[in-house]
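Inside the fold
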Amino acid sequence: MAESNDVTMLTRSREVPATASNGYVMLLVMLLALAAVLLGVMAVQVNKPLALSLIIGGGLVFLFVSAGFYMLQPNQAAAITMFGAYRGSDRTTGLRWILPWMLRNKVSLRANNLISEKIKVNDLRGNPIEMAAQVVWRVTDTAQALFDVDDYKAFVLAQIEAAVRTIGSRYPYDDFAHQEVTLRGNHDQVGAELRAELMERLAVAGISVDECGFTHLAYAQEIAGAMLRRQQAEAVVAARKTLVEGAVGMVEMALEMLSAKNVVDLDDERRAAMVSNLMVVLCGERDTQPIVNTGSLYQ
C-alpha cells in the first residue's frame, strides 16, 4: 500500500468587514426596555397581567441588549467569531453592538516600536559580530494575526531575530577597501534588505513593517581587540600609501622643474641622492634638521 505524501497546508485567513450595529441605537433600545420595566413596576396595582408582561419582556430585552455592547478606540479593531467561525472584523470606532453569543477579540492596529536583544552572528567572512535591530511594525490584517499564527507578538520577536541573522551572514562587517557592500558602511541598503526580509516573513501573520534599522553593530568581544588593531594597521598602511604617492609626485615635479629651467645639471648619482633626501624629508614622521652646504656641490 503506497504511503500518502500529502501535507496539510495552512488555511490562510483573510479579513472581511463584520456586520455590527451602532451601539448608540441599541443603547436607546436598552433604555426603552428599562423604562418598560419601571412602568410595569408602577402599574402592578392597576393591571397586574400587563405589568408582569412589561417587567418580564422589558427585563429580557434589557439583558439581551446589554450583553452585546463593546467599545472600539481609534486604531483598534475587533475580530468577531461565532461558535469558532470567523464572521469578520469591525474597525468602526465608538460604541458598537453585536449579538451576545458572538465573541469579540480586540486587536490593536497602532504602530509598535520594538528593539531586539543583542545577538551574536557570524558575518560573511565568519567573524563573530553583535547585532540588534529596531523595528516599527503594525497589524494590517486582523484575521491573519489572530487565526494564522498562535501568538503574533511572539511570532514577530522570533522572525526579527531570524531576519537579523540572515542579513548579518549575507555581508561582511567591514571592508577597508570599500569594494564590497558592508554592514557598517551601507546602512541604508542593508536596512532596506532587512525590511524586505521582515515583510516577507511576517506576511503570513498579516503584519506590516514601516521602518527598521540596526541599533547595535560591533565585533564580538572576543575579537574586538584584534580587529581594532587590524583596522588601525590598515589605516596606517593607507595613510603611508597616500603619503608616499604624494611625496613621489612632489619629487618628480621638483626634478622636472629643475631640468626644465636649467637650474642645475645633476648626474645620476646626485639625482639619486637628491631623491633620497627629498623622500626622507617628505615621508619622515619628525621634522628634519637641514644642513647647509657651504662648499661645492660635490663636497
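To start, this report covers the structure provided alongside it. (Residues numbered from 1 in each chain as written. Predicted model: local features only at pLDDT ≥ 70, side-chain atom pairs only at ≥ 80, totals over all residues. Heavy atoms only, no water.)

**So, helix α1 (residues 23–42)**
For α1, spanning 20 residues, the distance from its first C-alpha to its last is 29 Å, which sits close to the expected 28 Å at 1.5 Å a residue. Along α1, the positions that sit buried rather than exposed are Gly-23, Met-26, Met-30, Ala-33, Val-37 and Gly-40. Buried residues in α1, looked at end-on, bunch into an arc of 95°, giving them a common side. Exposed and facing more than 90 degrees away from the buried side of α1 are Tyr-24, Leu-28, Leu-32 and Met-42. Buried residues in α1 make contact with β1 (21–22), α2 (48–66), β2 (69–72) and β5 (94–97). Its side-chain oxygen at 2.9 Å from the backbone nitrogen of Tyr-24, Asn-22 defines the N-terminal cap of α1. (Helix = DSSP H or I, 4+ residues; strand = E, 2+ residues; numbered from the N terminus. Expected span 1.5 Å × (residues − 1). Buried < 20%, exposed > 50% of the residue type's maximum accessible area, 1.4 Å probe, protein only. Arc of directions from axis to C-beta. Contact = heavy atoms within 4.5 Å. Polar contact = N/O pair within 3.5 Å; in protein donor to acceptor, adjacent residues only side chain to side chain.)

**Quick notes on the pattern of salt bridges**
All told, the structure shown has eight salt bridges when counted by the stated rule. Residues Arg-165 and Glu-161 are paired through a salt bridge, measuring 3.4 Å at the closest nitrogen-oxygen approach. Residue Arg-165 and its partner Glu-161 are both found in helix α4 (residues 152–168); the two are separated by four residues, about one turn of the helix. On the basis of relative accessibility, which here comes to 36%, the residue Arg-165 falls in the partly exposed class. (Salt bridge = Lys/Arg side-chain N within 4 Å of Asp/Glu carboxyl O.)

**Quick notes on the packing of α1 against α2**
Look at α1 against α2: their axes get within 7 Å of each other, and the N-to-C directions meet at 155°. By the criterion of interaxial angle, the relationship of α1 to α2 is roughly antiparallel. Considering only the axes of α1 and α2, their crossing is left-handed. Contact residues: Met-26, Val-29, Met-30, Ala-33, Leu-34, Ala-36, Val-37, Leu-39, Gly-40 and Val-41 in α1; Ala-51, Leu-54, Ile-55, Gly-58, Gly-59, Val-61, Phe-62, Val-65 and Ser-66 in α2. Looking at the contact of α1 with α2, its residues break down into 15 nonpolar, four polar and no charged. (Axes fitted to C-alpha atoms, helices over the stretch in contact; angles between N-to-C directions. Parallel < 35°, antiparallel > 145°, perpendicular 65-115°, else oblique. Left-handed = near helix turned anticlockwise from the far one by under 90°. Nonpolar A, V, L, I, M, F, W, Y, C, P; charged D, E, K, R; others polar.)

**Focus: a nonpolar patch on the surface**
Together, Val-25, Val-29 and Val-61 give the surface a local cluster of nonpolar side chains, amounting to about 210 Å² of exposed area. By the element assignment, Val-61 lies in helix α2. (Patch = residues over 30% accessible without salt bridge, like charges linked within 9 Å, V, L, I, M, F, W, Y side chains within 5 Å. Areas by Shrake-Rupley, 256 points an atom, 1.4 Å probe, with all protein chains shown as cover.)

**Digging into the packing of aromatic side chains**
Following the criterion strictly, the structure yields four aromatic pairs and no others. On the numbers, 6.1 Å between centres and 55° between planes, the contact of Phe-64 with Trp-101 is tilted. On the criterion of sequence distance, the pair formed by Phe-64 in helix α2 and Trp-101 in the loop between β5 and β6 (103–108) is long-range, its members being 37 residues apart. The partly exposed category is assigned to Phe-64, whose relative accessible area is 35%. Classification of Trp-101 as partly exposed rests on a relative accessible area of 41%. Between the aromatic rings of Trp-137 and Tyr-152, the centroid separation amounts to 6.3 Å while the plane-to-plane angle is 80°, which identifies the pairing as edge-to-face. Highlighted residues: Trp-137 in strand β9 (residues 128–139) and Tyr-152 in helix α4, separated in sequence by 15 residues. For Trp-137, a relative accessible area of 5% gives the class buried. Tyr-152 gets classed as buried once you look at its relative accessible area, which sits at 14%. (Phe/Tyr/Trp six-rings, centres within 6.5 Å; stacked < 30°, edge-to-face > 60°.)

**Considering the environment of Met-82**
Counting through the fold element by element, Met-82 comes out in strand β3 (residues 76–82). What makes Met-82 buried here is its relative accessible area of 17%. Residues Met-82 and Trp-101 lie 19 residues apart in sequence; the distance between their C-alpha atoms is 6.9 Å. The residues contacting Met-82, other than those within four sequence positions of it, are Arg-87, Trp-101 and Met-102.

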